[in-house]
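# Observations on the model geometry
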Amino acid sequence: MRVLHVCAEMFPLLKTGGLADVSGALPLALAPLACDVRVLLPGFPSILAGLTAMSDVATFEALAGTVTLKFGRTPDEIGVYVIDAPHLYARGGNPYQDGNHHPYADNHLRFALLAWVATRIAEGVDTYWRPAIVHAHDWHAGLVPAYLAAAGRPATSVFTIHNLAYQGIFPADHFAQLELPAHFFALNGLEFHGQISFMKAGIYYADRITTVSPTYAQEMTTPEQGCGLDGLLRARQDVLSGILNGVDEAVWHPANDALIAANYSADKLAGKAKCKAALQVVMGLEHATEKPLFAVVSRLTEQKGLHLVLAALNEITDRGGQFVLLGSGDAAMEAAFVAAAAENPLQVAVKIGYDEALSHQIMAGSDVIMVPSRFEPCGLTQLYGLKYGALPLVRRVGGLADTVMDCSLENLQDGIATGAVFNAFSKEELTQGIRRIFALWARPKDWKAVRQEAMCTDFGWHSAALQYHDLYRSLGA
């Protein structure tokens with residue numbers, strides 16, 4: 001079963017968010033299921049630098065000039081095609097924006113090229129390997145199903161929506177540069193309120209659509225969560241399904257994580273206390289084992305509910321708790337968190353930016369991981385928290401609702417509680433969640449039982465890989 005995954009980033013080569021974790025882990029999980037999986041990526045410098053055994057496959061006169069398709073392997077021996085096009089990909093900033101956080105003006109070409117090349121691979125440009133399934137991820141690869149349709153569908157397409165809020169919207173006058181048939185720019189096609197939508201293209205033309213949790217698959221068909229595409233998603237609901245993301249336990253597991261102060265497991269928890277003490281030292285907090293340590297590892301955006309955390313921060317500190325944040329994003333929010341840390345440095349610590357090692361140390365050292373999102377397609381943060389015994393405090397939405405069991409009296413009695421869940425997207429509801437965490441913390445026996453249940457919950461990639469394998473089979477692969 002030959003499957004080509006198409007995405008913009010992949011761990012450990014390049015990571016700006018959870019998409020990279022998925023594209024790095026899913027091919028590895030599919031390999032034992034008789035899936036011959038390869039990945040197509042843009043030729044960002046870190047991706048080219050991280051591959052071994054590189055060779056040229058073909059050179060094209062493509063959408064934006066001459067490009068070369070190369071093939072190499074990751075450190076985990078996953079086969080990767082990469083588009084070597086320095087004029088498009090060898091830039092500063094991040095893969096999507098310049099150093100001033102402005103999207104690149106030619107992003108429509110940079111990511112249309114990704115889909116265009118995927119179609120050439122499906123047509124057999126590599127005479128040694130040709131996919132039956134092309135699996136495109138998020139808006140960056142949204143044109144894959146469209147180009148495949150324009151080429152007569154040389155392979156079957158699967159399109160996975162990781163976050164419907166980011167849609168790849170571009171002005172209509174860019175359409176001619178995409179070299180798609182003129183009739184593709186229509187209501188039944190790429191056109192979206194007079195503009196081009198890469199996300200809509202993926203949804204409209206794909207043979208099957210998936211998203212990253214069962215609850216989000218239902219939510220996105222509603223006006224509240226559908227981001228203007230709910231009508232189309234309702235129309236395509238018969239080919240839409242939700243498959244939960246997993247945790248790559250080779251990277252995220254406290255028993256063998258080399259980035260944390262001490263290893264531990266659900267049965268041997270002594271290392272967890274050592275990790276907490278080490279985190280308090282690193283972040284300049286008071287060394288206090290008896291105080292619950294709350295944490296956030298997140299992009300600082302309105303979607304993630306971090307303004308609610310700011311508003312409810314005193315609820316944590318006034319009750320004697322501590323708080324750690326690692327993240328970046330909205331400048332005003334960054335400044336507000338930095339100011340809160342300056343006012344109360346023994347209880348609040350903030351690191352602006354992204355630090356992979358520190359994110360592991362925060363998971364290992366914290367008691368609670370906060371994910372109070374307005375919407376959350378799946379969420380990996382709460383899954384890492386479960387694995388590391390940092391009880392998730394989450395809103396009942398999307399994948400958060402599918403993965404965290406609230407510490408209600410009934411769930412405690414049944415032994416299935418793994419965290420705290422609140423409903424409405426408000427400061428008041430989050431505050432109630434914080435109070436319930438403190439109430440659970442005051443009952444050490446119950447806290448230990450919930451933490452152990454959380455750490456034993458299985459959200460590995462094997463289950464997700466089996467579901468994708470069954471999906472590919474259902475498409476005739």
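Residues numbered from 1 in each chain as written. Predicted model: local features only at pLDDT ≥ 70, side-chain atom pairs only at ≥ 80, totals over all residues. Heavy atoms only, no water.

Moving on: the overall build of the chain. Counting its secondary structure elements, the chain contains 18 helices and 18 strands. Since a compact globule built from 477 residues should have a radius of gyration of about 23 Å, the 23 Å found for the chain is in line with a globular shape. Principal axes of the C-alpha set define a box for the chain whose edges measure 65 × 45 × 45 Å. Classification of the 477 residues of the chain by burial places 59% in the buried group. (Helix = DSSP H or I, 4+ residues; strand = E, 2+ residues; numbered from the N terminus. Rg over C-alpha atoms; globule rule 2.2 N^0.38 Å. Buried < 20%, exposed > 50% of the residue type's maximum accessible area, 1.4 Å probe, protein only.)

The next point concerns the sheet that holds strand β11 (residues 208–211). Sheet strands associate in pairs through backbone hydrogen bonding, adopting either a parallel or an antiparallel arrangement. Strand order in the open sheet made by the 9 strands is β3-β4-β5-β2-β1-β6-β7-β11-β12, with mixed pairing throughout. Each of the sheet's edge strands pairs with one partner strand only, and the pair in question is β3 (52–62) and β12 (240–242). The mean inter-strand angle of the sheet, taken between neighbouring strand axes irrespective of direction, is 25 degrees. Two elements, strand β1 (residues 2–6) and strand β6 (residues 133–137), share 4 bridges in a ladder whose sense is parallel. Bridging across to β6, Val6 finds its partner in Ala136. The strands touched by helix α1 (residues 18–30) within the sheet are β1, β2 (36–42) and β6, with β2 carrying the most contacts at an inclination of about 155 degrees. Of the strands in this sheet, β1, β2, β3, β4 (65–73), β5 (79–84) and β6 touch helix α4 (residues 107–122), which is tilted by about 145 degrees from β2. (Pairing = 2+ DSSP bridges. Axes fitted to C-alpha atoms, helices over the stretch in contact; angles between N-to-C directions. Contact = heavy atoms within 4.5 Å.)

Taken together, 3 strands build an open sheet; the order of strands is β8-β10-β9 and the sheet is antiparallel. Whereas interior strands pair on both sides, the edge strands pair on one side only; in this sheet they are β8 (169–170) and β9 (191–192). Pairing of β9 with strand β10 (residues 195–197), which is carried by 2 bridges, proceeds in the antiparallel orientation. In the strand pairing of β10, Glu191 is matched with Ile196. Across the sheet, helix α6 (residues 198–205) lies against β8, β9 and β10, angled at about 60 degrees from β10, the strand it touches most.

This brings us to the nonpolar core. Core analysis: the largest hydrophobic core is formed by 77 residues, its most contacted members being Leu40, Leu113, Leu190 and Ile203. The element that contributes the greatest number of residues to this core is α4, accounting for 11 residues. With 66 residues, the next largest nonpolar core counts Cys275, Ala340, Ile434 and Ile437 among its residues. (Core = buried A, V, L, I, M, F, W, Y, C linked by side-chain atoms within 4.5 Å.)

For the rest of this paragraph, the subject is the UniProt feature "binding site: ADP-alpha-D-glucose" (unreviewed entry) in the chain. UniProt's entry tags Lys15 with the feature "binding site: ADP-alpha-D-glucose" (unreviewed entry), counted in the numbering of this structure. Among the secondary structure elements, Lys15 is positioned in the loop between β1 and α1. Excluding residues within four positions of it along the chain, Lys15 makes contact with Glu9, Ala20, Asp21, Tyr354 and Glu356. In this structure the side chain of Lys15 is engaged in a polar contact, spanning 3.0 Å, whose partner is the side chain of Asp21. (UniProt positions renumbered as here; feature names shortened; annotations may be inferred. Polar contact = N/O pair within 3.5 Å; in protein donor to acceptor, adjacent residues only side chain to side chain.)

Helix length check: α4 (16 residues) gives 23 Å between terminal C-alpha atoms against 22 Å at 1.5 Å per residue, within 8%. Directly after α4, the chain includes Gly124, whose backbone phi takes a positive value near 100 degrees. (Expected span 1.5 Å × (residues − 1).)

All right, on to the environment of Ile121 then. As for its placement among the helices and strands, Ile121 is situated in helix α4. The class for Ile121 is buried, based on a relative accessible area of 0%. A sequence separation of 102 residues divides Ile121 from Pro223, and the C-alpha atoms of the two residues are 37 Å apart. Setting aside residues up to four positions removed in sequence, Ile121 forms contacts with Leu4, Leu40, Leu69, Tyr81, Trp129, Arg130 and Pro131.

A few words now on unusual backbone geometry. The residue after Phe11, namely Pro12, is reached through a cis peptide bond having omega 5 degrees. By secondary structure assignment, the location of Pro12 is in the loop between β1 and α1. For Cys227, which is not a glycine, the phi torsion comes out positive at approximately 50 degrees. Tracing the backbone through its elements, the reader meets Cys227 in the loop between α7 (214–219) and α8 (230–235).

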